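What the coordinates show
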Amino acid sequence: MSERLVLDTSWKRWRHRTDLPRVRDERPRDIGAWELVAHARRAAEAVGIEEIVVLDTADGLSALAVVPVGLRATQRTRWTVELTQDVATPVYTAKLSASLQRFSAGRLAWRIDPRGWRGRHDVIEEFVTVARGVWRERPYDFSGEHFRVQGGGLDSPLSGRPLPPLEIVVRDEDDALLASRVADRIAVETLDPDSWPDLGLPLAARVSLASAATSTEVERLSTAEVVGTYDAVAGRLAPLSERATWLDLDVGDRVEEIYRWGEHVAPRIGALIHG
Amino acid sequence: MVDVYWRIGMHGDQSTLRRRAETRGDWAPLAPGHLAPGWGDGHGDGRPYLEHMADVARAAEISGFVGGLMPSFPFTDDPFAAAASLVEETRTFRFMVAFQPGFVHPWGAARLSAALQQLSGGRLVYNVITGGGGPAQRWWGDEVEHDRRYARTAEFLDLLRRSWAPRPQSADGEFYRLADAYLPTDLADQPFPEIYFSGSSPAAIAAAGPFADYYLSWLEPHTALTEKFTAVRAASQALGRTPRFAVRIDIVSRDTEAEAWEVVRDGFSGVDLTALAEGRDGDSVGVARARSFIDGPVRDVRDLEVEPHVWGGFSLLRGGPSFGLVGSHEQVAERLNGLVDAGVDAFILAGVPHLEEAFRVGDFVLPRLTHHSPQGALS
Amino acid sequence: MAKEALWYIVPSDGAYPWEPEGRRDVDLDYLTQLAASIDSLPYSGALFATAHHDVWVLASALAARTRKLRPLVAVHPGLISPVLLAKMALTFDDLFDGRLIINVINGDSATLRTFGLELAHDDRYALAREYWTIFKRLTAGEIVDFDGEHYDIRGAGSTFGALQPTQKPHVPLWFGGSSAAGLDLAGEVIDTYLSWGEPPEQLVSKIDALRQRAADHGRSIEFGLRVHIIARDTEREAWDWADHLLRVTSPQTFSWQASRGRDSDSVGAQRQHAGHGGRVPDHARDIEVSPNLWPGFSLIRPGPGTAIVGSHAQVIERLQEFEALGVDTFILSGNPLLEESRHIAETILPALDLPIGASA
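Residues numbered from 1 in each chain as written. Chains lettered and ligands numbered in written order. Predicted model: local features only at pLDDT ≥ 70, side-chain atom pairs only at ≥ 80, totals over all residues. Heavy atoms only, no water.

So, about the overall build of chain B. For chain B, the count of helices and strands is 14 helices and 17 strands. Across its three principal directions, the C-alpha atoms of chain B cover 60 × 55 × 40 Å. Per-residue burial over chain B gives 63% buried out of 379 residues. Contacts in chain B between residues at least 24 apart in sequence constitute 71% of all its contacts with a sequence separation of at least 6. For chain B, the exposed surface amounts to about 13300 Å²; the carbon and sulfur share of it is 51%. Counting 35 positive and 50 negative side-chain charges, chain B places the averaged centre of each group 2 Å from the other. (Helix = DSSP H or I, 4+ residues; strand = E, 2+ residues; numbered from the N terminus. Buried < 20%, exposed > 50% of the residue type's maximum accessible area, 1.4 Å probe, protein only. Contact = heavy atoms within 4.5 Å. Areas by Shrake-Rupley, 256 points an atom, 1.4 Å probe, with all protein chains shown as cover. Lys, Arg positive; Asp, Glu negative; His and termini not counted. Charge placed at Lys NZ, Arg CZ, Asp CG, Glu CD.)

This is the structure:
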């Protein structure tokens, strides 16, 4: 089990952080949530978190803007971009992603949360079919309810790169059904393994780290039930490794939690898993 | 003041106009002497073409250009992806990103663009292309037919502007729906990108009028170009607007005129003139356009010089438009200054190879332009 | 087969940067792009020339913006303590993954005097021998006691703490100098001997002499050739450009350089000067000393004055001849440095069949 960092640039979550030092000294102007992006990716690199999942929220930065910048700014970090409805067509998404795979030696992944698609699983399924179709085949033809392509398909040298793996966020049975049809991996938002769908796919479980763990004191948590000392939190999370491939760390705007995780919690989990 | 842009090749480059061989990027089979990716030990060195785009962007920035046009076609790398990737390694370079309304949703475009405006300090510029319909459009998954395309462009630009605001906007258009579209305050405060609009027919002007900052044309002979300006002005005047014009121009500029023609002559010597005469040449459309301005057959390179220093054979030497300027630095600068006098407000210049020629044009042509504007983001 | 090719970095560039009209603005952005360009091409590094910038500062700035480029950094022995120099070198290698090469410069007495160092020609070499011996031992990780004519040092390196050598056996020393004292120094302490472009028959005798001197000290030595390139599609175009350079160079530049060449106590400079006596020919080819070898730059600017002028095929032939004579390393240049770094990488380097990543 390894960790991923979930990055939500919504201003509601980020606006209180006026105390973060500026990441770049050459730019006196305000770059808003981009500061958070820069801090987060540096922290992730520093503690050895190898993947960053960029959510696409209307209150934040477009994930399609954040991920190319992030890929360019990092050497090894993988970046997952959340694709939402009403942003780009499947063909344009595929083409833009093909360039990003070329630029980054294949470090891009896709994420779809049905909530960002007004629950339209049928649209998602067609979108994914077309995006993958133009990626894999040329010429490619498709005629569906929502999308149509004639004589499509990426050509060399855009073609032939590994397709970004797709994860679907699963909250209910409909999501699970969609995931079973299109997903390469799934993401869940509870820490109760009994509630996780068993699809035989790699799974990421989200854990809120808004001071989830401290050395001495206990604080209330917003979304996850993990509370306690470093040892307690590590003890609670380590068993998840039996079924979870990743822990998705959500620190909100508290970038320092990433360092705290890397310094205190991750080694304890590692020790518990590997003895 | 005249904004002078350069161009970033989005699908490789040649190392010279003298030979039609792509040696930069991976659009041609890799071989020794190729760059980005380079070649060694029998295989590519893994350097992405993005590195070369970055080099060209920095070269243009260092040489005094305000930015660069990044075209978009099915076979090119994507300009939004490239622009976002290069924002942090440039300071003043404006990214003129080409796209069609059919690619993105207006609100999605607003969110993507405003985020890049915030990071770059306002260095995003749009090149809005409407596209002609037909098979090329269906490749993109775009089925809107020719006649309705300008209407769609107009609706797109309208909704893009409306969603660039902090209060939720809704609209039920013919092509797009906005449901509570908005931008967070700090993003809504970002400057809206300038729009370079490709297309200058009456239908295009009617559609683009309220939104286009510049009408972008390829270089044409003087009369054809000024006639086009006159027509756009007339149509705009009827709508109560004053249009601005931008021209995209290829340049072969050397210390002496003779050297410049030698470059073009070398490239032209590789062209099969018989095939060209019989219309079998791959680029017959572009050349036909050039030939409509001249009399008689094309036997010599200078036969395609439709007026002094305006040469119509560029499409034979590299992919792209037909007309460009050939001459000494002074002559080329004089033609450009003449175009400014005729009403041009911005240039997008290009030369092969783009990296090296950015320096040459920056060193020897830009200083001779009378009105070019300083670098920096638009405010 | 040659092992590597280096390019050239100097904070002055353009089509003919020795004249104001041929010079472009050069700042950190430009130098960074130049370095990044070299870094992206099959060059292993770059010679950093001594000019108005201090090379250490420039090389550090550009090393931070590149991944494999090895700077060949010019150092005049004697201007700073060999111990401090060793610490700088070890620091550089620690920060930049062991990429440093030192270019030993003995320079001329007049220049050194402006830095407060008064030494006659042969004394310079005596000092240099001590200086580089100390440097090599320190950059090999030794604590050094040294008792010599010029240096008396105890416990050097004992304060370096955690600073450990990155390169084995020590930071490499390259050197070019044509006097007898210079050749002796090379045989004794230098790893790679650099020669300016000379006719092959002259070069081969130099190589033989160096090999013998190194063997006398129980060592081996490698050879590098430092040469400017004017390569074009055709031979005529290349010579036209050489003619053009003579035309655009001002009389002041010629006469200034002529007086420098005449008055220098550098044997290399004197040799080059003897080739043409400082007279500017009517045609560039009038002073072609052997096929495609043109000493014209020595009329124009200080430093290595020889260029290979010719078609791409001819330039490749000449370089392959030098390769066959035993040249291991080429240090090439052409103006403007940025554009020509690519042009040469596209047209000439593929034929040299250099091992990729030889340096990194």
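Time to look at the environment of Tyr30(C). On the secondary structure map, Tyr30(C) appears in helix α1 (residues 28-40). The class of Tyr30(C) is buried, set by a relative accessible area of 0%. The sequence separation of Tyr30(C) and Pro11(C) amounts to 19 residues, and the corresponding C-alpha distance is 9.1 Å. Once residues within four sequence positions are removed from consideration, Tyr30(C) is found in contact with Ile62(B), Phe359(B), Asp13(C), Arg24(C), Asp25(C), Leu338(C) and Glu339(C). Engagement of the side chain of Tyr30(C) in a polar contact is seen with the side chain of Asp13(C), the distance being 2.6 Å. (Polar contact = N/O pair within 3.5 Å; in protein donor to acceptor, adjacent residues only side chain to side chain.)

Following Arg138(A), the chain continues into Pro139(A) via a peptide bond in cis, with omega recorded as -5 degrees. With respect to the helices, strands and loops of the structure, Pro139(A) is situated in the loop between α5 (121-136) and β5 (140-143). A cis amide bond links Val352(B) with the next residue in sequence, Pro353(B), at an omega value of -5 degrees. The residue Ala105(A) is not glycine, and still its phi comes out positive at about 55 degrees. For Asn292(C), which is not a glycine, the phi torsion comes out positive at approximately 70 degrees. With respect to the secondary-structure elements, Asn292(C) resides in the loop between α10 (267-276) and β10 (293-294).

To continue, consider the interface of chain A and chain B. Residue-level contacts link 47 residues of chain A with 47 residues of chain B. Both sides of the chain A and chain B interface together cover about 4000 Å² of buried area, and 53% of this is carbon and sulfur. Of all residues in chain A, the largest losses of buried area upon contact with chain B belong to Arg72(A), Tyr92(A) and Phe103(A), amounting jointly to 20% of the total for that side. Across the pair Glu89(B) and Arg72(A) runs a salt bridge whose closest N-O atoms are separated by 2.8 Å. Between chain A and chain B we count 18 residue pairs in polar contact (both at pLDDT 80 or more) in total. (Buried area = accessible area lost by both parts, 1.4 Å probe. Salt bridge = Lys/Arg side-chain N within 4 Å of Asp/Glu carboxyl O.)

This brings us to the packing of helix α2 (residues 34-47) of chain A against helix α3 (residues 63-73) of chain A. Residue and element names in this part refer to chain A. Contact geometry for α2 and α3: axes closest at 11 Å, N-to-C directions at 40 degrees. By the angle between their directions, the pair α2 and α3 is classed as oblique. You can see that α2 and α3 cross each other, and the crossing is right-handed. Note on element contacts: α3 touches α2 through Ala65, Val66, Val69 and Ala73, opposite Trp34, Val37, Arg41 and Glu45. Residues that form the contact of α2 with α3 fall into these classes: six nonpolar, no polar and two charged. (Axes fitted to C-alpha atoms, helices over the stretch in contact; angles between N-to-C directions. Parallel < 35°, antiparallel > 145°, perpendicular 65-115°, else oblique. Left-handed = near helix turned anticlockwise from the far one by under 90°. Nonpolar A, V, L, I, M, F, W, Y, C, P; charged D, E, K, R; others polar.)

This part covers the packing of helix α7 (residues 230-237) of chain A against helix α8 (residues 256-274) of chain A. Residues and elements named next belong to chain A. Between α7 and α8, the shortest axis-to-axis distance is 9 Å and the interhelical angle comes to 50 degrees. Put simply, α7 runs oblique to α8. Where α7 crosses over α8, the two elements pack in a sense that is right-handed. Residues Tyr230, Asp231, Val233, Ala234, Gly235 and Leu237 of α7 lie in contact with α8, whose contacting residues are Arg260, Trp261, His264, Val265, Arg268, Ile269 and Leu272. Taken together, the residues that form the contact of α7 with α8 break down as eight nonpolar, two polar and three charged.

Mean pLDDT over chain A: 89, with 89% of residues reaching 70 or higher. Confidence over residues 216-224 of chain A falls short of pLDDT 50; this stretch has 18 contacts with residues more than four positions distant or in other chains. (pLDDT = per-residue confidence, 0-100.)

A few words on the sheet that holds strand β8 (residues 185-188) of chain A. Backbone-to-backbone hydrogen bonds join strands into a sheet, with any given pair of strands oriented parallel or antiparallel. Residue and element names in this part refer to chain A. Overall, parallel pairing links the eight strands, which are arranged β1-β2-β3-β4-β7-β8-β9-β12 in a closed barrel. Each strand of the sheet is rotated relative to its neighbour by a mean of 25 degrees, with strand direction disregarded. Relative to strand β12 (residues 246-250), strand β1 (residues 2-7) is paired through five bridges, and the arrangement is parallel. Its bridge partner lying in β12, Arg4 is registered against Asp248. Its contacts with the sheet put α3 on β2 (51-54), β3 (78-82) and β4 (108-112), and the angle it makes with β3 is roughly 170 degrees. (Pairing = 2+ DSSP bridges.)

Between chain C and chain B, the residue contacts involve 19 residues of the former and 27 residues of the latter. Carbon and sulfur atoms make up 48% of the surface buried where chain C meets chain B, a total of about 2100 Å² over both sides. If you look at where chain C meets chain B, you find seven salt bridges. One salt bridge in this structure joins Asp363(B) and Arg24(C), with 2.9 Å as the shortest N-O distance. Across the chain C-chain B interface, the total number found is 10 residue pairs in polar contact (both at pLDDT 80 or more). Secondary-structure elements contributing two or more residues to the side of chain C that touches chain B are α1, α8 (235-248) and α12 (337-347) of chain C. Counting residues per element, the side of chain C that touches chain B draws most heavily on α12(C), which supplies five residues. Its residues assigned to classes, the side of chain C that touches chain B shows seven nonpolar, three polar and nine charged.

Counted by the stated rule, this structure contains 67 salt bridges over all chains. The partner of Asp3(B) in a salt bridge is Arg94(B), with the nearest N and O atoms 3.0 Å apart. With a gap of 91 residues between them, Asp3(B) in strand β1 (residues 3-7) and Arg94(B) in strand β7 (residues 94-99) connect regions that are remote in the sequence. Each member of the pair, Asp3(B) as well as Arg94(B), carries the same accessibility label: buried. Residue Arg302(B) pairs with Glu257(B) through a salt bridge whose shortest N-O separation is 3.8 Å. Placement of the pair is Arg302(B) in the loop between α11 (284-291) and β14 (305-307) and Glu257(B) in helix α9 (residues 257-268), with a sequence separation of 45 residues. Residue classification places Glu257(B) among the partly exposed positions, given a relative accessible area of 25%. It is possible to trace a salt-bridge network through shared partners that takes in Arg4(A), Glu51(A), Arg78(A), Arg111(A), Glu167(A), Arg185(A) and Asp248(A).

Right, let's get into α1(C). Between its first and last C-alpha, α1(C) extends 18 Å over 13 residues, near the 18 Å set by a 1.5 Å rise per residue. In terms of burial, α1(C) is largely enclosed, as 11 of its 13 residues are buried. Of the positions making up α1(C), those classed as buried are Tyr30(C), Leu31(C), Thr32(C), Gln33(C), Leu34(C), Ala35(C), Ala36(C), Ser37(C), Ile38(C), Asp39(C) and Ser40(C). For α1(C), the elements touching its buried residues are α1 (49-63) and α14 (354-364) of chain B together with β1 (4-9), β2 (45-48), α2 (55-63) and α12 of chain C. (Expected span 1.5 Å × (residues − 1).)

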